[in-house]
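Here's the letter readout for the chains.
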Amino acid sequence: MSHTPDDLFYTKEHEWVRFEGQTARIGITDFAQSELGDIVFVELPDVDAEIRLGETFGTVESVKTVSDLYAPVSGKVIEVNEELTDAPEKVNEEPYSGGWMIVVQLSSDGRDGLLTAAQYQAQTAD
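To keep things clear, this report deals only with the structure shown in the data block. (Residues numbered from 1 in each chain as written. Predicted model: local features only at pLDDT ≥ 70, side-chain atom pairs only at ≥ 80, totals over all residues. Heavy atoms only, no water.)

1. With respect to the overall build of the chain
Inference 1: Broken down by element type, the chain carries four helices and nine strands.
Inference 2: In the chain, the succession of α and β elements from N to C terminus is β-β-β-α-β-β-β-β-β-α-α-β-α.
Inference 3: Taking 2.2 N^0.38 as the reference for a compact globule, 126 residues should give roughly 14 Å; the C-alpha atoms of the chain span a radius of gyration of 13 Å, in line with that estimate.
Inference 4: Evaluated residue by residue, the chain yields a buried proportion of 50% over its 126 residues.
Inference 5: Element-wise, carbon and sulfur atoms account for 45% of the exposed surface of the chain, whose accessible area totals about 6600 Å². (Helix = DSSP H or I, 4+ residues; strand = E, 2+ residues; numbered from the N terminus. Rg over C-alpha atoms; globule rule 2.2 N^0.38 Å. Buried < 20%, exposed > 50% of the residue type's maximum accessible area, 1.4 Å probe, protein only. Areas by Shrake-Rupley, 256 points an atom, 1.4 Å probe, with all protein chains shown as cover.)

Written as structure tokens, this is what we have:
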């Protein structure tokens, strides 16, 4: 069974969000990376790009498929995990730590519609 940290929020599309004051760190869940398989490329927005809740902000390419990343919050990208350019496998190895993708300056509170760990686990249970 995949690991789902209790201190994060989740989307139905398998992104996670860690709120850090007025910013949010975003990545994909352990469940998502295990479903995708070996990740070979991650396409992320540039710093200063605006992302909008529910819209795509990038893609994750695995040996099996290419999947869109959906913004769990709205705001401005203030940091991008550049390590994923050379080491996309970090998303597989450390989805909740070294495999984070972007940090966003929130334009609103942003928790609307997000799932708790328990709600997300219930959604991904077999």
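2. Examining the side chain of S62
Inference 1: Here S62 is to be found in strand 6 (residues 56-62).
Inference 2: Residue class for S62 comes out buried when judged on its relative accessible area of 5%.
Inference 3: Among residues more than four places away in sequence, those in contact with S62 are L36, G37, D38, I39 and V40. (Contact = heavy atoms within 4.5 Å.)

3. So, the sheet that holds strand 4 (residues 39-43)
Inference 1: With antiparallel pairing, three strands are arranged side by side in an open sheet as 4-6-7. The strands lining the two open edges of the sheet, one partner per strand, are strand 4 and strand 7 (66-70). Taken over all neighbouring pairs, the strand axes of this sheet differ in orientation by 20° on average, direction set aside. (Pairing = 2+ DSSP bridges. Axes fitted to C-alpha atoms, helices over the stretch in contact; angles between N-to-C directions.)

4. Details of the environment of Y120
Inference 1: One can find Y120 in helix 4 (residues 117-124).
Inference 2: Between the C-alpha atoms of Y120 and G27, which are 93 residues apart in sequence, the distance is 15 Å.
Inference 3: In this view, Y120 contacts T4, Y10, T11, H14, T29, F31 and L115; residues no more than four positions away in its chain are not counted.

5. As for the nonpolar core
Inference 1: In terms of nonpolar packing, the biggest core is built from 25 residues, with I28, L44, I51, F57, V73, M101 and I102 touching the most fellow members.
Inference 2: When residues of this core are traced back to their parent elements, those giving at least two are strand 2 (15-20), strand 3 (23-28), helix 1 (30-36), strand 4, strand 6, strand 8 (75-80) and strand 9 (102-106).
Inference 3: Formed by ten residues, the second largest nonpolar core is a distinct cluster that contains L8, Y10, W100 and Y120. (Core = buried A, V, L, I, M, F, W, Y, C linked by side-chain atoms within 4.5 Å.)

6. Some words on the pairing of strand 8
Inference 1: By the bridge criterion, two bridges tie strand 5 (residues 50-51) to strand 8 in an arrangement that is antiparallel. Across the sheet, residue E50 finds its bridge partner in strand 8, namely K76.

7. What to know about the sheet that holds strand 1 (residues 9-10)
Inference 1: Sheet architecture is open: six strands sit in the order 1-2-3-9-8-5, paired in antiparallel fashion. The strands lining the two open edges of the sheet, one partner per strand, are strand 1 and strand 5.
Inference 2: Relative to strand 9, strand 3 is paired through four bridges, and the arrangement is antiparallel. Across the sheet, residue A24 finds its bridge partner in strand 9, namely V104.

8. Topic: helix 4
Inference 1: Every buried residue of helix 4 is listed here: A117, Y120 and T124. With its buried residues spanning 65° around the axis, helix 4 presents them on a single face. Set apart from the buried face of helix 4 by more than 90 degrees, the exposed residues are A118 and A122.
Inference 2: Tucked into the core, helix 4 has its buried residues touching strand 1 and helix 1. (Arc of directions from axis to C-beta.)

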